[in-house]
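# A look at the structure
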Amino acid sequence: MAELSDLDRRLLAALREDGRAPVAELARRLGVTRATVTSHLDRLVAEDVVVGFTVRVRDEAAAGGVRAVSLIEVEGRSTDDVIRRLRGFPEIESMHSTNGAWDLVAETRTADLVEFDRLLNRIRAVPGVINSQTSLLLTSVLR
């Protein structure tokens, strides 16, 4: 991965705050030209530092769904293959590698319990997944 300059770090921080900020606003906030912001952002995308852009939705806007955290144990060295397959599951909102007894943590959202049950079955059917434990998320008290 590319070495990040101070400007790169500040640009990434600004984009985390508002990923839709216009280049002109970012340039003003960072004290550089629009061309500088554009070239840094283009380089960060080209070097896979920035791997995509997404939208964050308020919990209330997506209310009615079933949210959960799944802890996933992976067999041997198949973690990369499991991650590749799980990335294709639209119900998985985020996924993280971790230490300890579990290899992956996946945050999921489904429309209802029937879909949730189907999702768990699909996760468990992925080759390389040998165990999972899932907890439903009830109320967010801090985000």
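Structure report, in brief. (Residues numbered from 1 in each chain as written. Predicted model: local features only at pLDDT ≥ 70, side-chain atom pairs only at ≥ 80, totals over all residues. Heavy atoms only, no water.)

## Some words on the packing of aromatic side chains
Keep this limit in mind: Under the pairing criterion, centres of Phe, Tyr and Trp rings, with the six-membered ring standing for Trp, must be within 6.5 Å; the plane angle then separates stacked pairs below 30 degrees from edge-to-face pairs above 60, leaving the rest tilted. Lysine NZ or arginine CZ positioned within 6 Å of the ring centre and within 35 degrees of the ring normal marks a charge as sitting over the ring.
A full pass over the atoms with the stated rule returns zero aromatic pairs. Over the aromatic face of F89 sits the side chain of R122, whose NZ or CZ is 4.3 Å from the ring centroid.

## Things to note about unusual backbone geometry
Note: most residues except glycine have negative phi, and most peptide bonds are trans. Stated precisely, the cut-off is as follows: Every helix listed is a DSSP run of H or I at least four residues long, and every strand listed is a run of E at least two residues long, numbered separately from the N terminus.
Residues other than glycine seldom take positive phi values, yet D48 does so here, at roughly 60°. For D48, the location among the structural elements is in the loop between α3 (34-46) and β1 (66-74).

## Re the sheet that holds strand β2 (residues 92-97)
Note on sheets: strands pair through backbone hydrogen bonds, and any given pair is parallel or antiparallel. Our working rule: DSSP-based pairing: two strands are paired if at least 2 bridges between them are found. For every element, the axis is a line fit to its C-alpha atoms; helices are fit only across the contacting stretch, and the angle between N-to-C directions ranges from 0 to 180 degrees. We call two residues contacting when some pair of their heavy atoms lies within 4.5 Å.
Spatially, four strands are ordered β2-β3-β1-β4 in an open sheet, and the strand pairing comes out antiparallel. The sheet is open, and its two borders are formed by β2 and β4 (129-137), each paired with just one other strand. Between one strand and the next, the sheet's axes are offset by a mean angle of 20°, whatever the strand orientation. Where β1 and β4 come together, eight bridges link them in antiparallel fashion. Within β4, the position partnered with V74 by the bridge is V129. The sheet strands contacting helix α4 (residues 79-86) are β1, β2, β3 (104-110) and β4, and the helix crosses β3 at an angle near 15°. With respect to the sheet, helix α5 (residues 113-125) is in contact with β1, β3 and β4, its orientation differing from that of β4 by roughly 155°.

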